[in-house]
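What follows is the residue order along each chain.
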Number of protein chains: 2
Amino acid sequence: VVVAGPVNTSLTAEILAIGSEMLTPFRIDTNSLFLTSRLNDLGIEVIAKSVVGDRPEALVAALRLAVSRADIVVTSGGLGPTDDDLTRDAIVAVAGVTSVEDPEVVDAIARRFASRNMPMPDINRRQAMVPVGATVLDNPRGTAPGLWMPVGTRVLVALPGPPRELKPMWDDHIAPRVAERTGRQRLRRRTLKIAGRGESHVDEIAAPIYGRWRSHVPAIETSILASPGQVELHLSAQGTDVDQLDRALDEATAELATALGRPVFSTDGRELEEVVGDALRALGATVSAAESCTGGMLLGRLTNVPGSSAWVTGGIVAYDNLVKVDQLGVDAQLLKEHGAVSEPVASAMAAGVRARLATSVGVGITGVAGPTGGTEAKPVGTVVIAVDGPGAAHLVRTVRLPGDRAMVRQMSVQTAMDMLRRACTPPDYNLG
Amino acid sequence: VVVAGPVNTSLTAEILAIGSEMLTPFRIDTNSLFLTSRLNDLGIEVIAKSVVGDRPEALVAALRLAVSRADIVVTSGGLGPTDDDLTRDAIVAVAGVTSVEDPEVVDAIARRFASRNMPMPDINRRQAMVPVGATVLDNPRGTAPGLWMPVGTRVLVALPGPPRELKPMWDDHIAPRVAERTGRQRLRRRTLKIAGRGESHVDEIAAPIYGRWRSHVPAIETSILASPGQVELHLSAQGTDVDQLDRALDEATAELATALGRPVFSTDGRELEEVVGDALRALGATVSAAESCTGGMLLGRLTNVPGSSAWVTGGIVAYDNLVKVDQLGVDAQLLKEHGAVSEPVASAMAAGVRARLATSVGVGITGVAGPTGGTEAKPVGTVVIAVDGPGAAHLVRTVRLPGDRAMVRQMSVQTAMDMLRRACTPPDYNLG
């Protein structure tokens, strides 16, 4: 691909969320994650993000600072009809222009109210005040239109706050306009998702490889993100030749996947429950689970996936030991001898639920989630997981998980999901 | 209570999160929620929040703007030993001072490494560079000490990024220092949590009441936050007489709870699963659940609560209809006649799991979570929930829930939890 026309290779952006509710301890701005992702896709780096409330001076100062240093400034919120909605006035102040009522916008808002058999409140006329020089952006999902306002060589984009209004407006109106400014510059990404290995372990193996790709042409940037039981390697490359970027990213991804081996469960964006579902479907297999300390969370996660009724049959939550005996057929003697949190009991739970629900695979989880119930031999965080099937296969593992009750339960589910994945994929399975 | 000494009643704060990872689409700053809550507790309003990366100019500009308009500026992150850690240098630039190596800090860092039998890397000496005029704040959980730096009448507080380091440092070192500046000014809060009513319905009932309290002395501010299946009314009042604030908040809370009635499930911070657990425990009752479309999520939520083994016996996830027949004893004829998503089947599931697991109460959930499986008569979002017990009580409801698969499942669980709450609390139960 040959690049045509002028290309600006280093546009920057700043994101401003406007609204006092996001300055409370209860709400966080998440629009900026969506906007960052979309800006990055166009090769634009986000250099700062801010949240400001309904103080006009603070909003004008933040906008002024943003326009002084970023090529594209995106605001969300503050476009409603009330006195608290200050974005339009702040843009007028920063751009040094006046605003005029746009009769077409008044009509559009009036029609929106009319379609619901309501008169347009006078207050909504405020939403039709347009700064001189701004382009009005249609918002089919709300009354607040957006604004595209050039300020010198920079541009100020104002979008409404509700995500279901903001997201389609970005894709329909803003992305094409911003793309004109970036030329053909694009950012492409790949993600390797890894289960059952810590961040430092992954980095030790991956660093020599991504270190080399960093000085490749095109250069590949890598970042590591760790969450409980999962590590992600995010690869990105910028340039104008999308095919070349994709080839380099695919090659680097394959090299990392080969080096990291079986712990890599996805390089195509799929979550662990989707990978497990696809593996079960490929085998024509079904799964059931017997859960104690996770209380149904494993089955809840397996059934997150649309269509999972094709491979999830169901399960038994055996929180009480009597349920383990009565509903799963676990031998009472086994419970007495080894305790509920033991490999023989986890194995019996897995085999029991598999037999009772007549599935190809059965999973058993039993453990001490805490905060109480720990002993010296089996402290809080001790969890035993068994996978019975497919066929004659049988895995059982005892793990000691860190953290509080919620963390222990979440990591138990993650560990069980990964054991299930390994049980259902051939050992020579290679993601590269 | 009589106020002694000078009281500044209108301190403001600004929060800056420092770190390029929070400018990606993958990570969000959550320290600011903790910091906002703690600042609010001291009667301090947060007027802006920002995230900046590892560009020195951007960081210095953001700090300068913050110090120009807020009395207290709190930063998190950027205190590590590498070149990317710019907070110390930015403070030096903004305060117009120099920095010197503090031998005590060098010693403390060296001791930390020595305790792990490691030599201190030379690079960590950077963490001992202290801006002249700053007080060093001990960080027992990491190598990065914090800084308390007066700038004119304002103060700049620098804390490390990891929440497990930042939170105790705030409580141990910063809160007492900030409290000295605010005098006895405090903010007190109450929260009413409401299930099964929409935001506008709640506001219609609550607005005349909180409107009156807004002009009361002390004034009570109210905000409404809605999430799927739950509405929260947050009340707050500021002043120096904590007893007077608490009395007014308790009175307003009681008045709102009485007006809103049964949908209010908590005024003391408890979540719905805690309220349900407490109600079951008070009755000496146990619960089991038979879940289809929610696939174990209800049981997962019930067992979130530490000690829930006292009231949750377990359950059966009957994702496949055969499980409904074999494990729950649902009449196959009933399934054929009414379909799996029907009131007779939900009732039979609830009664079946109650009988099989011998619990005081049984819950049955069956529905169409989507995206496929909907029909004209039972579109996606149709969910039937039954609660059998305690005693002869039997509730069954068919609801049409909005949103995607995840939302339908989440709201199904919320609806079932609320039906369970109502079944287990006497109808004249009054939270006021």
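Higher on the page you've got the structure.
Residues numbered from 1 in each chain as written. Chains lettered and ligands numbered in written order. Predicted model: local features only at pLDDT ≥ 70, side-chain atom pairs only at ≥ 80, totals over all residues. Heavy atoms only, no water.

Visitor: Looking at this structure, how should I read the overall build of chain A?
Guide: Counting secondary structure elements, chain A contains 13 helices and 17 strands. For chain A, the spread of C-alpha atoms along the principal axes amounts to about 85 × 55 × 40 Å. Of the contacts formed within chain A by residues at least 6 apart in sequence, a portion of 68% connects residues at least 24 apart. Summing over all exposed atoms, chain A offers an accessible surface of approximately 17500 Å²; the carbon and sulfur share of this is 52%. (Helix = DSSP H or I, 4+ residues; strand = E, 2+ residues; numbered from the N terminus. Contact = heavy atoms within 4.5 Å. Areas by Shrake-Rupley, 256 points an atom, 1.4 Å probe, with all protein chains shown as cover.)

Visitor: Just to check I follow, could you spell out the pattern of salt bridges for this structure?
Guide: Working definition: two side chains of opposite charge can pair if their charged atoms are close together. All names here are of chain A. Evaluation of the coordinates by the stated rule reveals 34 salt bridges over all chains. The closest approach of N and O atoms between R188 and D246, which form a salt bridge, is 3.0 Å. Remark: D246 occurs in helix α7 (residues 242-260) and R188 occurs in strand β9 (residues 186-195); sequence separation between them is 58 residues. In this structure D246 comes out as buried when scored by relative accessible area, which is 15%. (Salt bridge = Lys/Arg side-chain N within 4 Å of Asp/Glu carboxyl O. Buried < 20%, exposed > 50% of the residue type's maximum accessible area, 1.4 Å probe, protein only.)

Visitor: Just to check I follow, could you spell out the interface of chain A and chain B for this structure?
Guide: It is common to give the size of an interface as the accessible area that goes away when the parts come together. With 61 residues of chain A in contact, the opposing surface of chain B contributes 61 residues. Carbon and sulfur atoms supply 60% of the area that chain A and chain B bury against each other, a total of about 4800 Å² over both sides. At the surface where chain A touches chain B, the tally comes to two salt bridges. Taken together, the links from chain A to chain B amount to 36 residue pairs in polar contact (both at pLDDT 80 or more). Top contributing element to the side of chain A that touches chain B by residue count: strand β2 (residues 45-52) of chain A, with eight residues. Of the residues belonging to the side of chain A that touches chain B, the class tally is 29 nonpolar, 21 polar and 11 charged. Taken together, the five bridges between strand β14 (residues 312-318) of chain A and strand β14 (residues 312-318) of chain B define a ladder with antiparallel strand orientation. From the neighbouring strand, A:V317 faces β14(B), where its bridge partner is B:G315. (Buried area = accessible area lost by both parts, 1.4 Å probe. Polar contact = N/O pair within 3.5 Å; in protein donor to acceptor, adjacent residues only side chain to side chain. Nonpolar A, V, L, I, M, F, W, Y, C, P; charged D, E, K, R; others polar. Pairing = 2+ DSSP bridges.)

Visitor: For this particular structure, what's the right way to read the packing of aromatic side chains?
Guide: Aromatic ring pairs are described here by two measures, namely the spacing of the ring centres and the angle between the planes. Applying the stated criterion across every chain, the model contains zero aromatic pairs over all chains. Over the aromatic face of A:W148 sits the side chain of A:R177, whose NZ or CZ is 5.7 Å from the ring centroid. (Phe/Tyr/Trp six-rings, centres within 6.5 Å; stacked < 30°, edge-to-face > 60°. Lys NZ or Arg CZ within 6 Å of the ring centre and 35° of its normal.)

Visitor: Explain the packing of helix α1 (residues 31-41) of chain B against helix α5 (residues 163-182) of chain B here, please?
Guide: Residue and element names in this part refer to chain B. For the pair α1 and α5, the least separation of the axes is 11 Å and the interaxial angle reads 10°. When the axes of α1 and α5 are compared, the pair comes out roughly parallel. Within the contact between the two elements, α1 uses N31, F34, L35, R38 and L39 and α5 uses P163, L166, K167, W170 and D171. Residues belonging to the contact of α1 with α5 are distributed by class as follows: six nonpolar, one polar and three charged. (Axes fitted to C-alpha atoms, helices over the stretch in contact; angles between N-to-C directions. Parallel < 35°, antiparallel > 145°, perpendicular 65-115°, else oblique.)

Visitor: Please clarify how the side chain of B:R421 should be interpreted in this entry.
Guide: Residues and elements named next belong to chain B. Within the secondary structure, R421 is located in helix α13 (residues 405-424). For R421, a relative accessible area of 2% corresponds to the buried category. Setting aside anything within four residues of it in sequence, one finds R421 in contact with R262, P263, V264, F265, L272, V275 and V276.

Visitor: Is there a simple way to think about the packing of helix α8 (residues 272-283) of chain B against α13(B) in this case?
Guide: The description of two packed helices rests on the angle between their axes and on the distance between the axes. Residue and element names in this part refer to chain B. Across the interface, α8 lies against α13 with an axial gap of 9 Å and an inter-helix angle of 30°. Classified by the angle their axes make, α8 and α13 are roughly parallel. Regarding α8 and α13, the two cross each other, and that crossing is left-handed. Judged by residue contacts, L272, E273, V275, V276, A279, L280 and L283 of α8 engage Q414, M417, D418, L420, R421 and C424 from α13. (Left-handed = near helix turned anticlockwise from the far one by under 90°.)

Visitor: What exactly am I supposed to notice about the relation of the copies chain A and chain B here?
Guide: Here the two chain copies are tied together by a rotation about an axis and a shift along that axis. Structural alignment of chain A on chain B gives an RMSD of 0.1 Å, achieved by rotating through 180° and translating 0.1 Å along the axis. Viewed as a symmetry operation, the transformation between the two copies matches a two-fold axis. Interface residue correspondence from chain A to chain B reaches 100%, placing this contact among same-surface, isologous pairings. (Least-squares fit on C-alpha atoms with pLDDT ≥ 70 in both.)

Visitor: Honestly, the sheet that holds strand β16 (residues 382-388) of chain A in this entry has me stumped. Any pointers?
Guide: Through backbone hydrogen bonds, the strands of a sheet pair up, either in parallel or in antiparallel fashion. Spatially, the 10 strands line up as an open sheet ordered β17(A)-β16(A)-β15(A)-β13(A)-β14(A)-β14(B)-β13(B)-β15(B)-β16(B)-β17(B), and their pairing is mixed. The sheet is open, and its two borders are formed by β17 (394-400) of chain A together with β17 (394-400) of chain B, each paired with just one other strand. Neighbour-to-neighbour, the strand axes of the sheet open up by a mean angle of 10°, direction not taken into account. As paired elements, strand β15 (residues 361-367) of chain B and strand β16 (residues 382-388) of chain B share six bridges and run antiparallel to each other. Of the residues in β16(B), the one forming a bridge with B:G362 is B:D388. Strand contacts of helix α10 (residues 321-328) of chain A: β13 (287-291), β14 and β15 (361-367) of chain A together with β14 of chain B, with the helix running at about 140° to β14(A), the strand carrying the most contacts. Strands β13, β14, β15, β16 and β17 of chain A of the sheet are contacted by helix α12 (residues 343-357) of chain A, whose axis makes an angle of about 145° with β15(A).

Visitor: Help me out: how do you make sense of the sheet that holds strand β12 (residues 264-266) of chain B in this one?
Guide: Residues and elements named next belong to chain B. The strand order across the open sheet formed by four strands is β10-β11-β9-β12, and the pairing between neighbours is antiparallel. Lying at the two open borders of the sheet, with one neighbouring strand each, are β10 (221-227) and β12. Put simply, the sheet's adjacent strands are angled 30° from each other on average, direction ignored.

Visitor: Honestly, helix α8 (residues 272-283) of chain A in this entry has me stumped. Any pointers?
Guide: Since the α-helix packs 3.6 residues into each turn, any two residues three or four apart lie on the same face. Residues and elements named next belong to chain A. Its 12 residues give α8 an end-to-end C-alpha distance of 17 Å, which sits within 8% of 16 Å, the value for a rise of 1.5 Å per residue. Within α8 the residues assigned to the buried category are L272, E273, V275, V276, G277, A279 and L280. Elements that come into contact with the buried residues of α8 comprise β12 (264-266), β13, α9 (297-302), β15 and α13 (405-424). Count one or two residues on from α8 and you reach G284, which has phi positive near 65°. (Expected span 1.5 Å × (residues − 1).)

Visitor: Just checking my understanding: could you explain the nonpolar core for this structure?
Guide: The tendency in soluble globular proteins is for nonpolar side chains to be buried side by side. Formed by 37 residues in total, the largest nonpolar core has its most connected members in B:L298, B:V363 and B:L420. Among the elements of the structure, α8, β13 (287-291), α9 (297-302), β15, β16 and α13 of chain B are those that each provide at least two residues to this core. The element that contributes the greatest number of residues to this core is α13(B), accounting for nine residues. Counting residues in each nonpolar core, the second largest holds 36 residues, with A:A279, A:V361, A:I365 and A:V387 among its members. (Core = buried A, V, L, I, M, F, W, Y, C linked by side-chain atoms within 4.5 Å.)

Visitor: Teacher, can you tell me more about the pairing of β15(B) here?
Guide: Within a regular strand, side chains alternate between the sheet's two faces. All names here are of chain B. Within β15, seven of the seven residues are buried, leaving the element largely enclosed by the surrounding structure. In β15, alternate side chains face the same way, and those of V361, V363, I365 and G367 on one face and G362, G364 and T366 on the other are all buried. Pairing geometry for β13 and β15, over five bridges, is parallel. Bridge pairing in β15 links A290 to G364.

Visitor: Would you explain helix α2 (residues 56-69) of chain B in this entry?
Guide: Along its 14 residues, α2(B) runs 20 Å from first to last C-alpha, staying within 8% of the 20 Å computed at 1.5 Å per residue. Those residues of α2(B) not exposed but buried are B:A58, B:L59, B:V60, B:A62, B:L63, B:L65, B:A66, B:V67 and B:R69.

Visitor: Where do I start with the environment of B:L283 in this structure?
Guide: All names here are of chain B. By secondary structure assignment, the location of L283 is in helix α8. For L283, a relative accessible area of 48% corresponds to the partly exposed category. Between the alpha carbons of L283 and E45 there is a distance of 43 Å; along the sequence they are 238 residues apart.

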